[in-house]
Amino acid sequence: MATPPLPKTRNTFLESVDRMVERALVHLDMELTPGLEDHVKACHTVIQIQFPVKLSDGRIHVFKGWRAVHSYHRLPVKGGIRYAPHVNQDEVEALAALMTYKCALVDAPFGGSKGGLIIDPKKYSVEDLERVTRRFARELIEKGYISPGGNVPAPDMGTGSREMAWIADVYKDLNPHDINYFACVTGKPVTNGGIRGRVEATGRGVQYALREFFRHPEDMKLAGLAGTLDGKRVVVQGLGNVGYHAAKFLEEEDGARIIAIIEWDGAIVNQDGLSVEAVRQFINEHGGVKNYPNATYVADGRSCLSLECDILIPAALESQITSENVDGIRAPLIVEGANGPITFNADEKLRARGVVILPDFYANAGGVTVSYFEWIKNLSRIRFGRMQRRMDEYRGQAIVHALESLTGKEVPAHLRAELSTGADELALVRSGLDDTMRTAYQEISEVFHSKDEITDFRTAAFVVSLRKIARTYMEMGI
Ligand code: GLU
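The paragraphs below set out a description of the structure included in this document. Model, not experiment: these values are computed from the prediction. (Residues numbered from 1 in each chain as written. Predicted model: local features only at pLDDT ≥ 70, side-chain atom pairs only at ≥ 80, totals over all residues. Heavy atoms only, no water.)

1. Details of the overall build of the chain
What counts, and what does not: We count a stretch as a helix when DSSP gives it H or I for four or more residues in a row; a strand needs E for two or more, and each element gets its number in order from the N terminus. Here the globule rule is a power law, 2.2 Å times the number of residues to the power 0.38, and the radius of gyration is based on C-alpha atoms. Here's how the labels work: a residue is buried when its accessible area is under 20% of the maximum for its type, exposed when over 50%, partly exposed in between, all with a 1.4 Å probe on protein chains only. The method behind every accessible area is Shrake-Rupley, applied with a 1.4 Å probe, and residues are considered shielded solely by the protein chains displayed.
Secondary structure summary: the chain contains 16 helices and 13 strands in total. Relative to its length of 478 residues, the chain is compact, with a C-alpha radius of gyration of 23 Å against a globular reference of 23 Å. Seen through its C-alpha atoms, the chain measures out along the principal axes to roughly 75 × 60 × 55 Å. For the chain, with 478 residues in total, the buried portion stands at 56%. Accessible surface computed for the chain: about 20,300 Å², of which carbon and sulfur atoms make up 52%.

This is how it looks when you write it as structure tokens:
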């Protein structure tokens, strides 16, 4: 059954997500309780809050925000809080839905949720941001929209560990007897209940996703790619938390060539490759990429989405590749670092052309995966590796000694070091994330290759998630 295209060229983010889900539902191969499809797609609750804050200018400002809960099939529900001037209810609902599919895909045992607040954080002092955040948090907590077992926010666009620490503090104040208070939010600073490796987790996940793709030559062939990531030309849109870390790791650790970086004030292009770290420093100092030395500046940054390259990583905003610019896209492989960067209609065109897309709810799932580890750490109140790190070291040393005494030879220093190093928290987080991204890729790839009618990875990924969600609902009963 073909899914008809949306009538408009500009469909909403939520419509786009729903259409993508509908396209996959027909491939589930399971007997669904009639009507379950509607239940799976529907956003369960969305709360809108308008609240006053007296800012340092002495005036009362009224802020408007939302928290949407897409599904309660697993508790708590999980998803970030976004601070952006353009945020709206449709967007928050779409993002909450994506969180449901994302968590199911990577086996993070959460339902999907998302929050948004209309605010341009760049225009406020830290003191005012703290006041606004604390008040928003209080509103959400009092209404039952933040708690360790019910609803656990995290950073998203415009928020970070600082905001999460404020939220945790408000929760603790309001719930002084809840010993699990740290688990009410993830993405906190490491010194305040956070976990090592969470800040870069989403970018790291993008890197691990790409590495896994490059371990599958049959999939690479679909994109006309061969070899390794070394020297591959990458265009990245958005040097925020996701884009920066993804591009930096791909450049510094895998040898990819970052030939263009698209930012809010334009793009910079250098076919020999840009230093992501240098560009980030430049943005920190100058606010944008304009006048960055040793690169060509393109004022219409978005036009660079159409540059010839091997890998395109849209890691900024939703709805960046639409019916209007999709025909110009020349990348054979697109990795969605952002949520929803490709609209449904654009996605239809790209898949008809055979462009390979690693979809958002897979490619950027590293963030919530490490959030899951952080939540577990908070509930167990112990740093990962604390109990076994030295034990692993002793055992490794014993193996080295055994090898030496049995062979009469000395184990080379690098092997000795490798064998007798116990894993610390960061190493464990990375290995857990790597395993998660590989396993999810393999599940997607298996569905993709087992069904001729499925011709894109997004649909295959939705099939993986939807099967898990549908099974949960059907076993649980309504
Ligand atoms: N905001 C991130 C996302 O879109 C992380 C969510 C989380 O860690 O709960 O996946």
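Back to the text.
2. A word on the pattern of salt bridges
Charged atoms that come close allow side chains of opposite charge to pair. The test is simple: Salt bridges are defined as contacts in which a side-chain nitrogen from Lys or Arg sits within 4 Å of a carboxyl oxygen from Asp or Glu.
By the definition in use, this model includes 44 salt bridges. For the salt bridge of Lys 122 with Asp 120, the shortest nitrogen-to-oxygen distance reads 4.0 Å. Relative accessible area serves as the criterion here: at 77%, Lys 122 is assigned to the exposed category. Within the structure, one salt-bridge network assembled from shared partners comprises Arg 23, Glu 336, Asp 347, Glu 348, Arg 351, Asp 360, Asp 456 and Arg 458.

3. What about unusual backbone geometry?
Cis geometry marks the peptide bond from Leu 75 to Pro 76; its omega dihedral reads 0°. Within the secondary structure layout, Pro 76 lies in the loop between β2 (60–69) and β3 (77–78). Of note in the backbone geometry, Asp 107 takes a positive phi value of approximately 55° without being a glycine. In this structure, Asp 107 sits in the loop between α3 (89–105) and β5 (111–118).

4. Details of the site of the ligand
How we decide: Think of it this way: one heavy atom of a residue within 4 Å of a molecule or strand is enough to make that residue near it. Any pair of nitrogen or oxygen atoms within 3.5 Å is treated as a polar contact; in protein, a donor-acceptor pairing is required on top of that, and neighbouring residues in sequence qualify only through side-chain atoms on both sides. Under the convention adopted here, Pro, Cys and the residues Ala, Val, Leu, Ile, Met, Phe, Trp and Tyr are nonpolar, Asp, Glu, Lys and Arg are charged, and Gly plus all remaining residues are polar.
Taken together, the neighbourhood of the ligand is formed by 14 residues, with Lys 78, Lys 102, Lys 114, Asp 156 and Ser 371 sitting nearest. At 3.3 Å from an oxygen atom of the ligand is found a side-chain nitrogen or oxygen belonging to Asn 339. When contributions to the shell around the ligand are tallied by element, the ones reaching two or more residues are α3 and α12 (366–380). Counted by class, the shell around the ligand contains 4 nonpolar, 5 polar and 5 charged residues.

5. A look at the sheet that holds strand β13 (residues 356–358)
Applied cut-off: One bridge is not enough; two strands pair if DSSP finds at least two bridges between them. Note on definitions: angles span 0 to 180 degrees between N-to-C directions of axes, and those axes are lines fitted to C-alpha atoms, for helices only across the stretch in contact.
Pairing within the open sheet is mixed, and its 7 strands lie in the order β10-β9-β8-β7-β11-β12-β13. The sheet is open, and its two borders are formed by β10 (296–298) and β13, each paired with just one other strand. Across the sheet, the mean angle separating the axes of adjacent strands is 20° when strand polarity is ignored. Here strand β7 (residues 233–237) runs beside strand β8 (residues 257–263); their pairing, made up of 5 bridges, is parallel.

6. Comments concerning the pairing of β8
The criterion, for reference: When the strands point away from the viewer, a crossover counts as right-handed if the route from the first strand across the helix to the second turns clockwise.
Counting buried residues along β8, 6 of its 7 residues qualify, which places the element largely inside the surrounding structure. Crossover handedness for the path β7 to helix α8 (residues 241–254) to β8: right-handed. Here β8 hands over to strand β9 (residues 266–269) after 2 residues, the two strands then running antiparallel side by side.

7. Focus: the packing of helix α1 (residues 13–25) against helix α16 (residues 457–476)
Note the following rule: Roughly parallel covers angles under 35 degrees, roughly antiparallel covers those over 145, roughly perpendicular covers 65 to 115, and oblique covers all other angles. Whether two residues are in contact is decided by their heavy atoms, any of which lying within 4.5 Å being enough.
Viewed as axis vectors pointing N to C, α1 and α16 meet at an angle of 75°, and their least axial separation amounts to 9 Å. Taken together, the axes of α1 and α16 lie roughly perpendicular to each other. Of the residues in α16, those in contact with Met 20, Val 21, Arg 23, Ala 24 and Leu 25 of α1 are Arg 458, Thr 459, Phe 462, Val 463 and Leu 466. Classifying every residue of the contact of α1 with α16 gives 7 nonpolar, 1 polar and 2 charged.

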